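Chain by chain, the residues:
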Amino acid sequence: MNKNKTALITGATSGIGRATAYEFAKQGINLILCGRRQERLDSMQSALSKQTDVITLNFDVRDKVAVFNAIDSLPEPFRHIDILINNAGNAHGFDPIQDGNLDDWDAMIDINVKGLLYVSRAVIPKMTERQSGHIINIGSSAGKEVYPKGNVYCASKHAVIAITDGMRIDLNPFGIKVTAINPGLVETEFSKVRYKGDAIADNAYKGYQALQPEDIAEIILFAITRPSHVNIADLLVFPTAQANNVTVKKTL
Ligand code: NDP
Ligand code: 8X3
């Protein structure tokens, strides 16, 4: 069903994006793996090329020229992108608004919001031309509910959900599916990035069973394998131990 389809995954070098690449490779989906860490892209390419066709693109989603150049540089077999996974993103910092670090704010708005827009703008015209495609934006439970010290990260993910809704409306005439998948706590490098290597990151996933990146990858696969008349518009997924952004039952 998915053989001969091509997916572009941003943030493929780690966590949810990486797990999605492995899941898609099992299905024979051709892969365009994006990220900034070339060594990781190379090692994934050599591992996954045994299962499917893989190409890598190294760019920073904040750099709009680099985004357009990279996507324009794709060779013919990869130019027809069926599935776009807008996943690249992170939280940077965990401060009350009055102490917020301006560089952290820039990073979150530039990567999570503007980067997602640049990549989408580069990919969507070919989807509208063909009147087909599926865009999956990785939002967050932080896009549904603001929590203490979450301020700008939560704002960036609220924006991702608003952009997803806007895409679904504007792309409706073209038959393009648009989906937001909004996870709660997933055990990835996310906390290392957010807390900048601080010891607090080591405890982020302790005392309860957090979601694993593979759990989200399986949900993404489910979303892209629905029949053509079915679109999962917006999905919120927590670990069982988590009830909302501030309620986590720790038992382990
Ligand atoms: P990771 O830190 O494990 O992965 C983040 C990925 O984003 C990396 O592959 C990284 O690649 C890429 N990335 C970051 N900045 C840039 C940039 N400027 N340009 C290009 N790529 C970039 O985190 P997750 O897998 O957890 O995060 C993936 C998505 O899931 C994010 O959008 C995050 O907000 C969201 N999310 C995460 C949750 C969690 O609890 N972990 C929960 C809800 C949502 P590289 O450094 O190689 O460029
Ligand atoms: C990541 C989940 O709770 O750290 O989006 O915001 S949380």
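If you're wondering where the values come from, they're calculated on a predicted model, not measured in any experiment.

**Some thoughts on the overall build of the protein**
Step number 1: Helices and strands together make up the secondary structure of the protein, namely seven helices and nine strands.
Step number 2: In terms of overall dimensions, the protein is globule-like: its C-alpha atoms have a radius of gyration of 17 Å, near the 18 Å expected for 252 residues.
Step number 3: Here the C-alpha coordinates of the protein stretch approximately 45 × 35 × 35 Å along the principal axes.
Step number 4: A buried classification covers 50% of the 252 residues belonging to the protein.
Step number 5: Here the analysis covers contacts within the protein between residues at least 6 apart in sequence; of these, 69% occur between residues at least 24 apart.
Step number 6: Of the roughly 11,800 Å² of accessible surface on the protein, 52% is carried by carbon and sulfur atoms.
Step number 7: On the protein, the mean spot of the 27 positive side-chain charges and the mean spot of the 27 negative ones are 4 Å from each other.

**Details of the sheet that holds strand β6 (residues 177–183)**
Step number 1: With parallel pairing, the seven strands of this open sheet are ordered in space as β3-β2-β1-β4-β5-β6-β7. Two strands in the sheet have a free side with no partner beyond their single neighbour: β3 (54–58) and β7 (234–237). Recorded for the sheet is a direction-independent mean angle of 15 degrees between the axes of neighbouring strands.
Step number 2: One ladder, built from five bridges, connects strand β5 (residues 134–138) with β6; its direction is parallel. By the bridge assignment, Asn137 is partnered in β6 with Ala180.
Step number 3: Against the sheet, helix α2 (residues 38–48) contacts β2 (30–35) and β3, and its axis sits at roughly 175 degrees relative to β3.

**Regarding the nonpolar core**
Step number 1: Formed by 31 residues in total, the largest nonpolar core has its most connected members in Leu8, Ile32, Leu57, Ile71 and Val119.
Step number 2: Secondary structure elements with two or more residues in this core: β2, β3, α3 (64–72), α4 (102–130) and α5 (151–170).
Step number 3: Ala25, Met44, Leu48 and Ile181 belong to the second-largest nonpolar core, a separate cluster that totals 27 residues.

**Quick word on the environment of Ile135**
Step number 1: With respect to the secondary-structure elements, Ile135 resides in strand β5.
Step number 2: Judged by its relative accessible area of 0%, Ile135 is buried.
Step number 3: In this structure, the C-alpha to C-alpha distance between Ile135 and Ile85, residues 50 residues apart in sequence, is 6.1 Å.
Step number 4: Residue contacts for Ile135: discarding those within four places in its chain leaves Leu84, Asn86, Ile124, Met127, Met167, Leu171, Ile176, Lys177, Val178 and Thr179.

**What about unusual backbone geometry?**
Step number 1: Positive phi values are uncommon outside glycine, yet Lys149 reaches one of about 70 degrees.
Step number 2: With respect to the helices and strands, Lys149 occurs in the loop between β5 and α5.
Step number 3: On the basis of relative accessible area, Lys149 is assigned to the partly exposed category, the value being 40%.

**Side note on the site of ligand 2**
Step number 1: Taken together, Ser140, Ala142, Tyr147, Tyr153, Gly184, Phe190 and Arg194 are the residues near ligand 2.
Step number 2: At 2.5 Å, a side-chain N or O of Ser140 approaches an oxygen atom of ligand 2.
Step number 3: Here an oxygen atom of ligand 2 sits 3.5 Å away from a polar atom, N or O, in the side chain of Arg194.
Step number 4: Its free accessible area being 240 Å², ligand 2 has 88% of it covered by the protein chains.
Step number 5: Tallied by class, the residues present in the shell around ligand 2 amount to four nonpolar, two polar and one charged.

Reading the values: the criteria
Residues numbered from 1 in each chain as written. Chains lettered and ligands numbered in written order. Predicted model: local features only at pLDDT ≥ 70, side-chain atom pairs only at ≥ 80, totals over all residues. Heavy atoms only, no water. Helix = DSSP H or I, 4+ residues; strand = E, 2+ residues; numbered from the N terminus. Rg over C-alpha atoms; globule rule 2.2 N^0.38 Å. Buried < 20%, exposed > 50% of the residue type's maximum accessible area, 1.4 Å probe, protein only. Contact = heavy atoms within 4.5 Å. Areas by Shrake-Rupley, 256 points an atom, 1.4 Å probe, with all protein chains shown as cover. Lys, Arg positive; Asp, Glu negative; His and termini not counted. Charge placed at Lys NZ, Arg CZ, Asp CG, Glu CD. Pairing = 2+ DSSP bridges. Axes fitted to C-alpha atoms, helices over the stretch in contact; angles between N-to-C directions. Core = buried A, V, L, I, M, F, W, Y, C linked by side-chain atoms within 4.5 Å. Near = heavy atom within 4 Å. Polar contact = N/O pair within 3.5 Å; in protein donor to acceptor, adjacent residues only side chain to side chain. Nonpolar A, V, L, I, M, F, W, Y, C, P; charged D, E, K, R; others polar.

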